[in-house]
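The lines below spell out each chain.
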Amino acid sequence: MISSTSTDSDELQNCTTFDDVRHLFEGVPERLLSRQYPWDNSGLQLNCHNNPITGITLCLDITTKVLSHARNQGHNLIISHHPIIFTPLKSISNTTTLGKILIDAIRNNINILSYHTNLDLADYSLADYILDKVGLPTGTIYEHAGVSPLYTKGETPPLTTTHTNTKGTVAGTPYGLGRVVDLPTDMTIQEIQKLFETMSSDTTTPKHNFRHNVPQCRNDENKLPNGRKPLSPNSTFRRLAVIPGAGFSSWEQCLNMDVNVDILVSGDLKHHEALDAKHAGIALLDIGHEYGEIPYLYHLQKLLATKLSLPSSVVEEQTISQR
Ligand SMILES: [Zn+2]
């Protein structure tokens with residue numbers, strides 16, 4: 001599915017450079033790495049030129065479909081959520097898909113930027129967006145990652161940083177991964193699934209075949225070592241955490257008494273994580289990696305439209321087929 005916007009303002013369209021767009025996302029150069037995990041490779045992926053930007057294609061992953069869309073639309077910038085270059089490259093060859101995409105992008109003068117954990121750690125993050133979409137209140141941080149630097153007048157804070165005080169500086173606020181929120185009432189796993197299904201109006205990405213680790217029949221365990229009740233078909237949940245993408249590796253943080261979460265919503269559930277969490281009395285609900293992250297691309301498109309007068313498209317692509 002492709003969603004596009006266009007603009008009539010040739011004047012603005014013709015004066016936005018690649019560096020301007022980077023500046024919007026990353027703020028002043030020395031802050032470049034301020035909001036991504038050290039293992040990440042967000043930001044610059046491919047810089048072919050600093051000519052005026054003709055249009056922006058937004059996507060989750062850069063594929064041949066995304067590249068040909070950008071080419072056909074005359075867009076010379078692609079912004080992806082997942083970095084196309086994640087581990088250091090020792091060679092670029094047209095015998096690999098990655099090599100072909102990079103060579104094709106260079107031949108067609110298409111720049112590439114990626115904003116990955118920056119969006120997880122943004123003030124208004126992927127998790128905040130999902131909570132908004134399902135009608136839950138603003139949550140608190142699930143896993144703290146750092147404190148944002150102070151931006152003074154004259155410096156440009158990143159597009160996804162929103163805390164501005166009256167003196168025109170951005171306060172040094174804590175940021176982190178995922179959000180924790182109390183549900184308005186105790187809810188069963190079925191009710192929580194229904195709640196997250198309501199997001200689907202935003203995207204043509206099919207609703208993921210939700211999976212969870214709550215047993216379908218009664219469990220024998222009477223109590224768990226951590227004082228929690230074993231999960232059962234009648235279990236209800238009150239405190240929920242959400243990490244869009246693949247966040248289940250952080251499930252043990254649910255047991256931290258500071259957050260004390262009953263159910264974690266994320267994607268890409270693995271067998272052993274599901275089992276270990278079940279043994280600890282923590283419910284894990286898998287809403288799918290794509291379903292959790294693609295809707296935010298539309299938010300990013302709107303955010304960019306408030307700052308730049310440029311045509312843009314969101315390209316949705318389903319990598320994993322559902323039954
Ligand atoms: Zn992801």
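Residues numbered from 1 in each chain as written. Predicted model: local features only at pLDDT ≥ 70, side-chain atom pairs only at ≥ 80, totals over all residues.

## Some details on the environment of Thr17
Tracing the backbone shows Thr17 in the loop between helix 1 (10–13) and helix 2 (18–26). Apart from the residues within four sequence positions on either side, Thr17 is in contact with Asn50, Pro52 and Ile53. (Helix = DSSP H or I, 4+ residues; strand = E, 2+ residues; numbered from the N terminus. Contact = placed C-beta atoms within 7 Å.)

## Re the confidence of the model for the protein
Summing up the model confidence of the protein, the mean pLDDT is 88 and the portion of residues at 70 or higher is 87%. Scored below 50 in pLDDT, residues 8–13 shows 5 contacts in the model against residues more than four places distant or in partner chains. (pLDDT = per-residue confidence, 0-100.)

## Overview of unusual backbone geometry
We note that Asn260 has phi near 50°; this positive angle belongs to a residue other than glycine. Along the polypeptide, Asn260 turns up in the loop between strand 9 (236–242) and strand 10 (263–266). One non-glycine residue, Asp268, lies in positive phi territory at about 60°. Counting through the fold element by element, Asp268 comes out in the loop between strand 10 and helix 8 (271–279).

## Considerations on helix 2
Every buried residue of helix 2 is accounted for by Val21, Phe25 and Glu26. Take helix 2 and look down its axis: the buried residues cluster within an arc of 115°, on one side only. Elements in contact with the buried residues of helix 2: strand 2 (43–46), strand 4 (77–80) and strand 5 (111–114). After helix 2 finishes, the residue Gly27 shows a positive phi value of roughly 70°. (Buried ≥ 20, exposed ≤ 12 C-beta atoms within 10 Å, placed from the backbone. Arc of directions from axis to C-beta.)

## As for the sheet that holds strand 9
Neighbouring strands of a sheet are bound in pairs by backbone hydrogen bonds; such pairs are parallel or else antiparallel. Across the sheet, which stays open at both edges, the 6 strands sit in the order 6-7-9-10-11-8 with mixed pairing between neighbours. Looking at which strands have only one partner, the edges of the open sheet turn out to be strand 6 (140–147) and strand 8 (211–212). Across 2 bridges, the pairing between strand 8 and strand 11 (residues 283–286) is antiparallel. Residue pairing for strand 11: Arg211 is matched across the bridge by Asp286. Along the sheet, helix 6 (residues 126–133) contacts strand 7 (174–188) and strand 9; its crossing angle with strand 7, the most-contacted strand, is approximately 25°. The strands that helix 7 (residues 189–197) touches are strand 7, strand 8, strand 9, strand 10 and strand 11; relative to strand 7, the one it contacts most, it runs at about 125°. (Pairing = 2+ DSSP bridges. Axes fitted to C-alpha atoms, helices over the stretch in contact; angles between N-to-C directions.)

## Focus on the packing of helix 6 against helix 9 (residues 289–307)
Running from N to C, helix 6 and helix 9 point in directions that differ by 90°, and their axes come no closer than 9 Å. It follows that helix 6 is roughly perpendicular to helix 9 by the angle criterion. Taking contact as the criterion, the partners of Leu126, Tyr129, Ile130 and Lys133 in helix 6 are, on helix 9, Gly292, Glu293, Pro295, Tyr296 and His299. Residue composition of the contact of helix 6 with helix 9, grouped by class: 5 nonpolar, 2 polar and 2 charged. (Parallel < 35°, antiparallel > 145°, perpendicular 65-115°, else oblique. Nonpolar A, V, L, I, M, F, W, Y, C, P; charged D, E, K, R; others polar.)

## Let's talk about the pairing of strand 4
Residues of strand 4 alternate between two faces, with Leu77 and Ile79 on one and Ile78 and Ser80 on the opposite face, all of them buried. Sheet analysis places strand 3 (residues 56–59) next to strand 4, joined by 4 bridges and oriented parallel. Opposite Ile56, over in strand 4, you have Leu77 as the bridge partner. Read from strand 3 through helix 3 (residues 64–73) to strand 4, the crossover connection turns out right-handed. Pairing of strand 4 with strand 5, which is carried by 4 bridges, proceeds in the parallel orientation. Within strand 5, the position partnered with Leu77 by the bridge is Asn111. (Right-handed = clockwise from strand over helix to strand, strands pointing away.)

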